[in-house]
Amino acid sequence: MTALQIIFLITAGVILASAVMVVTTRNMIHAALWLIVTLFGAAVLFALLDAGFIAVVQVVVYIGAIAILFIFAVMLTRREMRDRGAQLNSEWWLSAVVAALTFGGLFFLLSGWSGFSAHAPGLSSGTDTVQLLGAALVSPDAYVLPFEVASVLLLAALVGAVYVAFQKKGEE
Amino acid sequence: MIPLSWYLVLSAALFSVGLFGVLARRNAVAILLGIELMLNSVNINLVAFWRYLDPTRIDGQVFAIIVFAVAAAEVAVGLALVISVYRRRNTVVAEEIDMLKW
């Protein structure tokens, strides 16, 4: 067992344990903080996969923006159901069965696939994946259109979010 | 070296945990947290396939970037809706938000 494998196993354990805490813990602030642990674990995995840029974006965008947004939303909607009431609905066992079946089905399908236990091809020393990624995002032959559409989507979503959450005058 | 199967099994497990969260939690913010877990497992899968199939083709990372953008948009709109509903109905429990239910 190599050092990389040990790092992977520790990270995977942390990710799964904190993900279970996210979906089961009672206090929503704690759930949001456990989500941050999960996201950090995913960033470590991206670094293990030689995707350094994705790892940085994971920390900056997911932890820096999305997780903070969750914490703000929890603080704005607090009081409700903090100490009283069930956190899971009455059909939670059915949800657990569906989730277990999903995992079983995915595992069964993947284990029948020939590339399941593939090993990573070596990166040739000259390739700079960040440069490749940057070129692909602005190249007309590659992904410039989806990239621009994604930015318009983000702008539209943010304008919509401000409109929806805005308190109009006259409303209590 | 780490075989591809480890990443795939991990992301399948993470996806299932997120799915359980989406289906079982009553708090609307917790449902969005479950969706974030599912999106993250998809990203791990995309980057793992990029690395293990053909690292000279960058498509997997581009898809992951676009998933980031869509996740940010989704969570902004979702949380705005939750806050708006909370302001009007004073609840964040998904099953009590039934204005469209006849």
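See the structure printed just above.
Computed from a prediction, not measured in an experiment: that's the story for all the values here.

Moving on, we get to the overall build of chain A. For chain A, the count of helices and strands is six helices and zero strands. Counting helices and strands in the order they occur from the N terminus, chain A gives α-α-α-α-α-α. A compact globule built from 172 residues would reach a C-alpha radius of gyration of about 16 Å, whereas chain A, at 21 Å, exceeds it by more than 25%. Here the C-alpha coordinates of chain A stretch approximately 60 × 40 × 30 Å along the principal axes. Of all 172 residues assigned to chain A, the portion counted as buried reaches 22%. For chain A, contacts bridging at least 24 residues in sequence account for 49% of all contacts bridging at least 6.

Turning next to the packing of helix H1 (residues 3–24) of chain A against helix H1 (residues 4–24) of chain B. Running from N to C, H1(A) and H1(B) cross one another at 10°; their axes reach a closest spacing of 9 Å. By the angle between their directions, the pair H1(A) and H1(B) is classed as roughly parallel. Residues Phe8(A), Ala12(A), Ile15(A), Leu16(A), Ala19(A), Val20(A), Val22(A) and Val23(A) of H1(A) pack against Trp6(B), Leu10(B), Ala13(B), Leu14(B), Val17(B), Phe20(B) and Gly21(B) of H1(B). Of the residues in the contact of H1(A) with H1(B), the class split is 14 nonpolar, one polar and no charged.

Turning next to the nonpolar core. Within the largest apolar cluster, 71 residues are counted, with the highest numbers of intra-cluster contacts made by Leu35(A), Phe46(A), Phe70(A), Val29(B), Leu33(B) and Val47(B). Elements with a contribution of two residues or more to this core: H1, helix H2 (28–48), helix H3 (52–76) and helix H6 (144–165) of chain A together with H1, helix H2 (28–53) and helix H3 (59–89) of chain B. Sequence-distant contacts of Phe46(A), defined by excluding residues within four places in its chain, comprise Ala51(A), Ile54(A), Ala55(A), Gln58(A) and Val47(B).

To continue, consider the interface of chain B and chain A. Residue-level contacts link 64 residues of chain B with 76 residues of chain A. Looking at the side of chain B that touches chain A, the elements with two or more residues in it are H1, H2 and H3 of chain B. Per-element accounting of the side of chain B that touches chain A gives the leading share, 22 residues, to H3(B). A class-by-class count of the residues in the side of chain B that touches chain A yields 47 nonpolar, 11 polar and six charged.

Definitions and cut-offs
- Sequence order as written defines the numbering, with residues in each chain counted from 1.
- Throughout, the order in which chains and ligands are written sets their labels, letters from A for the former and numbers from 1 for the latter.
- With pLDDT at 70 or above as the cut-off, local features in this predicted model cover only qualifying residues; side-chain atom pairs require 80 or more to be listed or tallied, and sums for whole chains, interfaces and linings still use all residues.
- A helix here means a DSSP run of H or I that spans at least four residues, while a strand means a run of E at least two residues long, and both kinds are numbered starting from the N terminus.
- What the globule rule says is 2.2 Å times the number of residues to the power 0.38, and the radius of gyration is computed from C-alpha atoms.
- Neighbour counting defines burial: a residue surrounded by 20 or more other C-beta atoms within 10 Å of its own C-beta is buried, one with 12 or fewer is exposed, and intermediate counts give partly exposed, using backbone-placed C-beta atoms.
- C-beta atoms are first placed from the backbone for all residues, and any pair lying within 7 Å is then listed as a contact.
- Between the N-to-C directions of two axes lies an angle of 0 to 180 degrees, each axis being a line fitted to C-alpha atoms and, for a helix, fitted only over the stretch in contact.
- Relative orientations are named as follows: roughly parallel for angles under 35 degrees, roughly antiparallel for angles over 145 degrees, roughly perpendicular for angles from 65 to 115 degrees, and oblique for any other angle.
- The residue classification treats Ala, Val, Leu, Ile, Met, Phe, Trp, Tyr, Cys and Pro as nonpolar and Asp, Glu, Lys and Arg as charged. All others, Gly included, are polar.
- We define a nonpolar core as a collection of buried residues of the types Ala, Val, Leu, Ile, Met, Phe, Trp, Tyr and Cys that are connected via C-beta atoms lying within 7 Å of each other.

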